[in-house]
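Listed below, chain by chain, are the residues.
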Amino acid sequence: KMIKVLHNNDCSKSRAILEFLDENGVEFQIVDIVSNPLSEEELRSVVKMLGSTPHEITRKNEAFFKENFEGKPISDDELFVILQENPQLIQRPILIKGSLAVVGRPIENARMFLD
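## Considerations on helix α2 (residues 40-50)
The complete set of buried residues in α2 reads L43, V46, V47 and L50. Along α2, the residues classed as buried sweep out an arc of 100° about the axis, all on the same side. Facing away from the buried side of α2 by more than 90 degrees, the exposed set consists of E41 and K48. In this structure, the buried residues of α2 make contact with β1 (3-7), α4 (76-85), β3 (94-97) and β4 (100-103). G51, located one to two residues past α2, shows a positive phi value of around 65°.

## Considering the nonpolar core
Soluble, globular proteins show a tendency: their nonpolar side chains are buried together. Judged by nonpolar contacts, the single largest core of 22 residues is most densely connected at L6, L38, V46, L50, L83, I90 and I94. Counting residues per element, the ones that place at least two in this core are α2, α3 (63-69), α4, β3 and β4. Apart from the residues lying within four places of it in its own chain, the contact partners of L50 are I57, I94, A101, V102 and V103. If you look at the next biggest cluster of nonpolar residues, it comprises 10 residues, including I3, L21, V102 and A110.

Parameters at a glance
- By convention here, each chain's residues receive numbers from 1 onward along its written sequence.
- Predicted model: local features are reported for residues with pLDDT of at least 70 only, side-chain atom pairs are reported and counted for 80 or more only, and whole-chain, interface and lining totals are derived from all residues.
- Heavy atoms throughout the structure, all of them, feed into the side-chain values; hydrogens and water do not.
- Partly exposed residues are those whose accessible area sits between 20% and 50% of the maximum for their type, while under 20% is buried and over 50% is exposed, using a 1.4 Å probe and protein chains only.
- Here a strand is any run of E in DSSP of at least two residues, a helix any run of H or I of at least four, and the numbering for each starts at the N terminus.
- Think of it as the arc spanned by the lines of direction from the helix axis to the C-beta atoms.
- Should any heavy atoms of two residues lie within 4.5 Å, those residues are counted as being in contact.
- For the purposes of this section, nonpolar cores are sets of buried Ala, Val, Leu, Ile, Met, Phe, Trp, Tyr and Cys residues that join through side-chain atoms within 4.5 Å.

Next up, the structure:
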């Protein structure tokens, strides 16, 4: 099954995963979440596949997040909108295979996911 990689090209960890997949002969499709942001519905679906919450996939250490949202109570619904509008705040890379997904950092996560 083709693996989809939710990717941010500004992220070295994200680029490293593409290299890792390439080196291991894994077929994959890149979804650049910055230039092609996911819809809110797609984000909800990914979070569900991860068995996660939007809070768990938010990069809360990003300056943009700290400046705008730190310390404010944010509901899951509000956070889905924030992530949809600010895809740089989404943990990456996220690998998707069928109905399963995993955050590909550290790289061991990706390795286990592929086995």
